[in-house]
Each structure stands twice: as C-alpha cells, then as structure tokens.
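# Secondary and tertiary structure notes
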Amino acid sequence: MKILTHKQEICTGCRACELACSQAFFRTDDRLKSSIRINNNFNTFHAIMCTQCGECINMCTANAIYRDKNGVVRIDRKLCVGCLGCVGFCSELSMFYSDDLLVPFKCVACGICVKACPEDALEILVSQSKGD
Amino acid sequence: MISVNTREQPWREGLNVQSLLDEMGFIFRHIIVRINGEYVPEEAYAARLIADGDDVQVLHLIAGG
Amino acid sequence: MGKILKQIRYTPAKIERGYSNKSLYINVGDLRIEEKEVTDFMKEKFVGGKGFDLWYLWNAVTPETRWDSPENEIVMSVGPLGGITQYSGAGKTLVCAISPLTGIPIDSNAGGYFGPLLKFAGWDALELQGKAEKDLIIFIDGNEGLISIEEGEEYPEDSHLLAEELTTRFAGSEEDKVHVSVVSSGSAAKHVLMGMLNFSFYDPRRKTVRFKQAARGGLGTIMRDKRIKALVVKFKGIKPNLNNPADIATLNRIGVKYHKEMHDLDEKQNGMRKIGTANTILVMNKYDLLPTRNFQTGGDPDAVKVSPEVFITQYLTQGLHDGCWYGCTMSCAKAADHFKLLTGPYAGQCVTVDGPEYECVAGLGSNLGIFDPQAILEQNFYCDTYGIDLISYATTVAFIMECYQRGQISQEDMGGLDLCFGNAAASLELLHQMSRGEGFGPLAGLGIRRLKKEFVERFGADPRLLEDIGMENKGLEYSEYLHKESLAQQGGFALTNKGPQHDEAWLIFMDMVNNQIPTFEDKAYALFYYPMFRTWFGLCGLCKLPWNDIVPADNYKTETPAKVPEHVQNYVDIFGAVTGKIIDKDELIRQSERVYNFQRVFNLRMGSGLRKHDKAPYRSLGPVTAEEYLSRQERYDKQLRELQGLDPEAMSLDEKIAATRAWREKQFELLTDAVYKRRGWTHNGVPKPEHLKEIGMDLPMLLEVVEKHL
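Residues numbered from 1 in each chain as written. Chains lettered and ligands numbered in written order. Predicted model: local features only at pLDDT ≥ 70, side-chain atom pairs only at ≥ 80, totals over all residues.

## A word on the overall build of chain B
Threshold: Every helix listed is a DSSP run of H or I at least four residues long, and every strand listed is a run of E at least two residues long, numbered separately from the N terminus. Only C-alpha atoms enter the radius of gyration; for comparison, a globular chain is expected to reach 2.2 Å times N to the power 0.38, where N is the number of residues. Exposure classification rests on a simple neighbour count of other C-beta atoms within 10 Å of a residue's own: a residue reaching 20 or more is buried, one at 12 or fewer is exposed, and one in between is partly exposed. C-beta atoms are placed from the backbone. By definition, residue pairs are in contact when their C-beta atoms, positioned from the backbone, come within 7 Å.
In terms of regular secondary structure, chain B is built from 1 helix and 5 strands. Written out in order from the N terminus, the α and β elements of chain B read β-β-α-β-β-β. In terms of overall size, chain B behaves like a compact globule, its C-alpha atoms giving a radius of gyration of 11 Å where 65 residues would be expected to give roughly 11 Å. Judged by the C-alpha coordinates and their principal axes, chain B covers about 40 × 25 × 20 Å. Scored against the burial criterion, the 65 residues of chain B give a buried share of 23%. Long-range contacts, defined as pairs at least 24 residues apart, comprise 68% of the intrachain contacts of chain B with a sequence gap of at least 6.

Take a look at the structure:
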C-alpha cells in the first residue's frame, strides 16, 4: 500500500506541495484545491493528507469508494453523487471538496508533491499491507 | 423535598444526580440534567450532590419514530 | 415481457430550483397520458410533495368518491428538496389517495429512490387515475424520455420477487440496477383493505433489491384495485447539482456539517447507524410505554429478548451503508441478511428482511405478546412482500387477540386459528391466509373499524367493549406507542388529519416524563407547533428522522432543545439554498399550516373533519378493564385523590374505573377545545374563514366547504 508521509521537523511551510498538487489535478494555483494542506501551528508545520485508512469505503452512500491495486483509496467519479458524506466522516479531515466540483478529492499518493518539495520533507511509503 | 421535572420528590442527605436517575428509573442516556437552571454534564453525575429544595430538570430527548 | 399497450416519448424537463414544473397524469383505464404545468400558485400555496398530491387529488375527486371509484387517484410527489444528495434524508416521496380504511385522504411517506428519480425523469408529481381490466406495468425512462404501459399478468405479485425481476429487466446491466426503482404491492393487497406500497432501491453492496414503504392507509389496495401491478422509473446520472440549486455552497456546507455530526455523535446518542429506529425498545419498556397485548400495559420482562442488542448481534448486518436515498448518513434502514424463512410459500429460502423498525418490534412483537426475534422478522418480511401495512396489521391482530382472550370471538369464528397473545405461528398463518385470500384473512384484513361491526353482528360480541379496545380513529389503526397516560399524545393521535399516525406529533416523553407541557395551553401549543413542523417535511421530500434522531453537541444549551433549533435553521437554510426562496422559521410553519388546513377542509368535503371524527377509543385515554386499572393502581388511585378530591379507599374498583373514565374523557374534551382554538378552528373543529385568510388559504373552494359547517 502507498501512503504519503510528511516530516514535520524538516518542513519549512513553503507550501510548494500544495501548489504542485492543485496544479497537477485542477490546473490552478489554489491551495483549496490541494489534497495536501500544510497547517502552521506556532511555526511547526504539520500536514493533513489521506492516510488511506479506508474508513470512507463502507460508509459511502453511493458505493463509489474503493481501493486500487496499490491499496490507495479512490473515488469512482462515475458513481459518486457528491453527497460529501465522506468529507464529513473522514476522521483525518483529509477528504476535501470545492463548491465548483461535483466530486470530492483526496490524496492518491501520486508523488508529485514529493518531487516539488525543496526540503525532501515528503515521501511515499510503500508497505506490504493491502490496507483491507 | 426536591422537585424533579416540577414534580415533588423526597430528598435525602447524600443524594447525587446518578443515584436520583437510578432511583427514578431514568435509564435513557440522551438526557439533559439541570439543577436550578445550571447544566450538569454527564461526567459529573456521580459527584454532583443535590441539595434539599433543589429544582432538578431531567429532559429526555427522545425522538420517537 | 407483456404486450405494450401504449408508449409515448417526451422531452424530460430540466429541474430548476428543485422543480421540473411539470406533472404527469396517467389514466390506466383509457390509457391517457398527459403532461400538466406546475404553476406558481401551486408552489406558493402547496410547496410540493404532499401539498401537490392533495391539490391534484381534490381536483380529481368529488364528495361521493369512494376508494374504489375509478376517479380516485394515487398521487405521488417528492417536493423541491427531494433528490438533493448533500443533506441526510432527502428521498421521501409523499403518496396520497382516498383511503379504503378511512374514506378520507391518506398521506403516506416512503423513503427510497422512486420520488427523486421520478423528479429527475422530469415529473414533480404523478397522478394515477382510472382502472384497468388487466394487470399493467407502467415504466418511465427519464433518460430516454419514454413512458410505456404494458401488460403485466405474467409477473409475480409479491414484491421481493416482482421488484427483483423488474429491476433486472429494466436495468441494462448489474451496474445499471441502482438507476431503477419499482413501486409495487403484494398478493395480499387484493384481499385486504390495509394494502401498502413498497418503494424499491437496489443495494449494490448486498446485490439485492431493498424496500421502503408508503405503508399507512391502504394505498396498495387501491393500486391493485386499479390493476396496476408495478410502477417502474429509471434514471441515470445523479449529481449533487441536479436540482439546479440557487446556492450550492450553502447546501454543501450545511450537508458536511450534518455528516460530521452523524460521524461524531450518533454512537453516543441513538445509534441509528447500528440499529435504526428500534433503538428505543428497551427504553420504552423501562418507562412503561411499550404497547403490550393490545395497548393494555406498557411492557413485559420478556422485552429483553427483543432488545436492540439482540438484533444488532444476531441479525442485522453491521458496518455497511444503509441509507434509503443517497447522502443519508443517518443510514438507519437496517437489514437482516441471509434470514431463513420458516413458514409460508418461501419457507426454506434465505432473504433480506428490511427491518426491524421500532414499529415492527413493538407492533408485531410486544403488542401481540410475541417476544421471539425470529418470528418478528419473519412477520416483518411477509407483511412487506405481501404488501400489508405492518402497523395496521399489528394493531388489528392485537385487537383480534384481545377479543379472543375475552371470549368475544371463538377459535371457530377465526376459521380455526388460535390467535391468542404470543402465538406467532398463528399470526404468520393469518398473513399467509391474507396472501391467499382464504380463511380468516379477508375478514381480518378489513381493519378494526369494520371488524368491530362484523364481530358484533356475526359473532354477538359486546359492542361497548369493542368500541373501547378497538384502537382505531377515523378508521385507521393506531401506531405502536402506549399513550394512555399522556393526554398530549392522545391528542397527538386523535386530533390528526389522516388518523392516528405519530408522524404529526410524538409528545409522550415531553408530556409524561419531562413534564414540559403541563397546562392545556402548553399542550395545545405543542399540538399546533409539532404537527405543523413535522408535516413540513412531507412538502419538501425530507425525512423527519435526521431532524431529531441526532442533535448537535450544544443543543442542550438552547432554550428549546426539543425543537433542535440548529437543525430547524438547517432546514430553513437549505430550503432557500435549493429554491432560492428565502424563508424563516415562521414562514416554514406557515407553509405547513396552509397544507394542513387544506387537508382538514378536504376531510370536511369528504364527510369527515368534525369534532365527532376526532374521538378516541377509551383504551387510548385510560384503563378499560379491571386488570388495566390494577396494573397501575397506585398511580390511578393517587390521581383520584389529587385531581378529583375523591377517596379511593371508599370506592369499589368499578366506581374507581368509572370515575377515572369520566375524568379522562372530560380532559380529552378540554384538550380538544384548547387545540382547536390554537389552530384557528371552531369548537366543532372547522377551520374558521378568518384563519384561512390569515394563512393565505381563503380559496373559494375551501370557503365554500367551510361555510356549510359554521
């Protein structure tokens, strides 16, 4: 299973990851369209992104959420009805939505932000577990 | 005497919220307890003593089908 | 596939601010299919859902219309908020018709997918009028723009088979099944007056069809009398903006807020996601409010055998989404999967049982003296697939069982059925007889009002006793709450429009336990506010449960926690967010008042709607029998002393029962006075013209009816 991880102690809060993400998926420089959010807690920067826990899978009201072959939790856009139940239910607060989008979005461990980070504070970890 | 939901109930020394709920058979969990208008949180039920003459409100928020 | 009798093409209307602005009329007698405009007048006065239904129904019938007259209509509508996906509980369709049980309009709500799919297929409402000679299937394809009426003789009648077959047939593939919803009844509906409608939806995780019901009032009986075997709608492409809301940002924000509330608080509060409405069974039992053996007492030690824990651990599948329309995170439509049936035509098969709801455990369980969870679920299943209203069935059988217990009818009178309290096998056999139209089935299926008459005339039963213990009002059976000690709930049941269904008001705890409405005026206010508030949901397509089966964490701080003010504000806000019409909490009540008073006048028009029709059987108000009095003797003796200044020590049991009765009946009259006054009605229960004017319902058609009764 692939999961994005973040090293708080290295992160400088530059948010290059957020821009890279929103650019890659929504062609815009808008941190509200990023699936990683860097929050500043008195100059310590911690990251919110999906941990691929999969709690949203069983609760999805349209049966639209599944794990792909890398164990990454994904939303099937054709099935999703935009109810935002997963947004409300995410214990990590890492399922995001935007009013101009019909489907919520989340980190899919693609690694684009890893490359964009100037400090190497981000890493995709690959574990043996399938995450079921 | 105390009043519970405006009805008179006997009082005794050492009566606390939890024992009152037990004695009245108020097993329903989703309740709001106020003593003399002051809200009592669930964690405090066992510790919170009821004084003679107190006005106790135990609101059951039960929705019904 | 049967012969196609008629087929037309249409262009599905786009939804604007929650309305397609078109309604569909189908006459199954002459096969007319027509499109009608939904007017601004309709939206202003009636909003949608039940409001539209009643408007169309009024215009379709005359005061002479009976339930089986060809001009009687089944009208269905979901309302402007129906089909949104962001807020929990937005799939409720309201169905109205002149009821076989009551002779006046019944309004019944069903969850599921049908109403939203119907609206997205382009129709704010559907009218079904006329009668066919042979069974028909009506199919509406909202993507293709197709309406088709075909012969349906070859299809099975029972819903669990019929809906599965039709879903498979009209879906192009497994993936397509979620786009199909079927309305159907069952084999019993042609033999009983309490037939109900199932509304199906496909559960992709269980890979089976599931059902919600528009249960009360006999709608299934009417549908089968019209020879409509099933109604099928198909629509693919549900998206969160399909209603074209005025302000999707507000809708999204409030939806997410509510979902989070469900996530954070449901487990601590009612556990709806685990058990659904049956979560209150043991509480009701403990508080002496669980109707037991025809509402004689308030509980039984054996109730623990049918506790929520038993169903959660042994029968109900946990951890899967169980909402009946998209976006409902209250997810309370629980199901028992792989349930093996022991009796009847499907014995030995493993099925999915939709339930048990609270009404099922209380009705088919304790009110019949049955405390076997397996038997409760099996009765639930057969009521559903046979198309029988579970509440009317349970309350009717409870009545029959007590008549038998008291020697008013014999086993021979029941065709050999030993319908004593606790005999689940006999109840199941009765269900099968209703399905086959044999034995005692058709007689029992008449419902309590007609049964009282039959028992007296055919079997020499005591008419006075039967009047007292037959729990019906206006011809509809009471739903499953013991309310003998709650004057407010006695009004909540009897002072209703359609009959004693608790959707209007559920005041038992507020009255008896919390003691929040001690005076007549308090009760009258509650019997004004709550019915108006609660029936608003039916105008819009909303389910009532998300309103108060969970409350925000800080609800306790509010002035009126029972109203759940933050949730009321949610509804005000989402109404504006979808329709663009900004309302406030007062206008919300006003919208409901308009339709409520319209329905009351409709009752008048149909020969009902007066004070004498709002009377309750004495079992609803107080202890009928010696055993009932003695089961609560301390309480009743105390009331004689404190409320009437009498000395119970100096009175015989019969005198005490009589004195209690006189008092209670008087109290009910005083309550009725206070409620009518608060509602703007005359002493006889007629909406006053000045009140109709005040709420904006001084329509000539209503004034004409009302004036005759002033």
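More follows now that the structure is in view.
## Brief notes about the interface of chain B and chain C
Keep this limit in mind: Amino acids outside the nonpolar list (Ala, Val, Leu, Ile, Met, Phe, Trp, Tyr, Cys, Pro) and the charged list (Asp, Glu, Lys, Arg) are all regarded as polar, and Gly is one of them.
Taken together, the contacts link 16 residues of chain B with 21 residues of chain C. A class-by-class count of the residues in the side of chain B that touches chain C yields 8 nonpolar, 7 polar and 1 charged.

## Brief notes about the pairing of strand β10 (residues 180-184) of chain C
A regular strand places its side chains so that they alternate between the two faces of the sheet. Residues and elements named next belong to chain C. Spelled out, the test is: Two strands pair if DSSP finds at least two bridges between them.
For β10, a buried count of 5 out of 5 residues is recorded, marking the element as mostly surrounded by other parts of the structure. Neither face of β10 is left uncovered, since the one carrying V180, V182 and S184 and the one carrying S181 and V183 both have all their residues buried. For β10 and strand β13 (residues 228-234), the ladder comprises 5 bridges, and the chain directions are antiparallel. Its bridge partner being in β13, V183 is matched across the sheet by L231. Bridge analysis of β10 against strand β11 (residues 197-203) gives 2 bridges, and the strand direction is antiparallel. Within β11, the position partnered with S184 by the bridge is N198.

## Focus on the interface of chain A and chain C
The parts lose accessible area when they come together, and the size of an interface is often stated as this lost area. Residue-level contacts link 17 residues of chain A with 25 residues of chain C. Counting only elements with at least two residues in the side of chain A that touches chain C, the list comes to α2 (55-59) and α3 (85-89) of chain A. When residues in the side of chain A that touches chain C are grouped by element, the largest group, 4 residues, is from α3 of chain A. Grouping the amino acids of the side of chain A that touches chain C by side-chain chemistry returns 10 nonpolar, 6 polar and 1 charged.

## Topic: helix α22 (residues 585-605) of chain C
Residues and elements named next belong to chain C. Formally: In this scheme, a helix's expected span is set at 1.5 Å multiplied by one less than its residue total.
Taking 1.5 Å per residue as the helical rise, α22 with its 21 residues ought to reach 30 Å, and the 31 Å between its terminal C-alpha atoms agrees with that figure. α22 sits mainly inside the fold: 16 of its 21 residues count as buried. Following α22 by one or two positions, G607 adopts a phi angle in the positive range, close to 90°.

## Some details on the sheet that holds strand β2 (residues 22-27) of chain C
Residue and element names in this part refer to chain C. As a reminder, the rule being used: Lines are fitted to the C-alpha atoms to define the axes, a helix being fitted only along its stretch in contact, and any angle between axes, read from their N-to-C directions, falls within 0 to 180 degrees.
In spatial order, the strands read β3-β2-β7-β4-β5-β6; together these 6 strands make up an open sheet with mixed pairing. Each edge of the open sheet carries a strand with a single partner, namely β3 (33-37) and β6 (105-110). Neighbour-to-neighbour, the strand axes of the sheet open up by a mean angle of 20°, direction not taken into account. In terms of strand pairing, strand β5 (residues 93-98) meets β6 through 6 bridges, oriented antiparallel. Looking at the pairing, L94 lines up with N109 of β6.

## Side note on the sheet that holds strand β2 (residues 7-9) of chain B
Residues and elements named next belong to chain B. Within the open sheet, the 5 strands sit side by side as β2-β1-β5-β3-β4. Their pairing is mixed. Two strands lie at the open edges of the sheet, namely β2 and β4 (38-40), each paired on one side alone. Neighbour to neighbour, the strand axes of the sheet diverge by 30° on average, direction disregarded. Looking at chain direction, strand β1 (residues 2-4) and β2 are connected through 3 bridges and run antiparallel. From the neighbouring strand, I2 faces β2, where its bridge partner is Q9.

## Considering the pairing of β2 of chain C
Residue and element names in this part refer to chain C. Of the strand pairs in this sheet, β2 and β3 are connected by 5 bridges, and their pairing is antiparallel. Bridging from a neighbouring strand, S23 pairs with K36 of β3. Where β2 hands over to β3, the hairpin turn is made up of 5 residues, of which L31 adopts a positive phi near 60°. In this structure, β2 lies alongside strand β7 (residues 125-129), joined through 5 bridges in parallel fashion. Bridging from a neighbouring strand, L24 pairs with L126 of β7.

## Side note on the environment of V126 of chain A
Inspection of the secondary structure assignment puts V126 of chain A in strand β6 (residues 122-126). In sequence terms V126 of chain A and S94 of chain A are 32 residues apart; their C-alpha atoms lie 20 Å from each other.

## Points about the confidence of the model for chain B
In low-pLDDT segments, the atomic positions of the prediction should not be examined closely. Residues and elements named next belong to chain B. Cut-off, in case you're wondering: Values of pLDDT, which run from 0 to 100, indicate the predictor's confidence residue by residue.
Considering every residue of chain B, the mean pLDDT works out to 93; 98% of them sit at 70 or more. Ranking the elements of chain B by mean pLDDT puts β2 last, at 93, and β1 first, at 96. ipTM for the predicted complex: 0.96, alongside a pTM of 0.96.

## Quick notes on the nonpolar core
A general trend in soluble globular proteins is that nonpolar side chains are found buried together. The condition is simple: As used here, a nonpolar core is made of buried Ala, Val, Leu, Ile, Met, Phe, Trp, Tyr and Cys residues. They are joined through C-beta atoms within 7 Å.
Formed by 280 residues in total, the largest nonpolar core has its most connected members in L118, L219, V232 and I388 of chain C. Apart from the residues within four sequence positions on either side, V232 of chain C is in contact with I137, I138, F139, L166, F170, V180 and V182 of chain C.

## Quick notes on the environment of T61 of chain A
Here T61 of chain A shows up in the loop between α2 and β4 (65-67). Assessed through the 25 C-beta atoms surrounding it within 10 Å, T61 of chain A is described here as buried. Residues T61 of chain A and I3 of chain A, 58 residues apart in the sequence, show an inter-C-alpha distance of 25 Å. Non-local contacts of T61 of chain A, meaning those with residues more than four positions away in its chain, are made with C83 and G85 of chain A together with H321, G323, Y326, G327, C328 and T329 of chain C.

## What about helix α11 (residues 373-386) of chain C?
Each α-helix winds once per 3.6 residues, and so residues spaced three or four apart point in a common direction. All names here are of chain C. With 14 residues, α11 extends 20 Å between its outermost C-alpha atoms, agreeing within 8% with the 20 Å of an ideal straight helix rising 1.5 Å per residue. Residues of α11 that are buried: A375, I376, L377, E378, Q379, N380, F381, Y382, C383, D384, T385 and Y386. Immediately downstream of α11, the backbone of G387 shows phi near 75°, a positive value.

## Notes on the packing of helix α19 (residues 520-540) of chain C against helix α26 (residues 653-679) of chain C
The packing of two helices is summarised by the inter-axis angle and the distance between the axes. Residues and elements named next belong to chain C. Test applied: Angles are sorted into four bins: roughly parallel if under 35 degrees, roughly antiparallel if over 145, roughly perpendicular if 65 to 115, and oblique for all others. If you view the pair so one helix is near and one far, a crossing is left-handed when the near helix is turned anticlockwise from the far one by less than a right angle, and right-handed when it is turned clockwise.
Where α19 contacts α26, the axes come no closer than 8 Å and their chain directions differ by 55°. The orientation of α19 with respect to α26, classified from their angle, is oblique. Remark: the crossing between α19 and α26 carries right-handed chirality. Between α19 and α26, the contacting residues are F520, E521, K523, A524, Y525, L527 and F528 on the first element and L670, L671, A674, V675, K677, R678 and R679 on the second. Looking at the contact of α19 with α26 residue by residue, the class counts come to 9 nonpolar, no polar and 5 charged.

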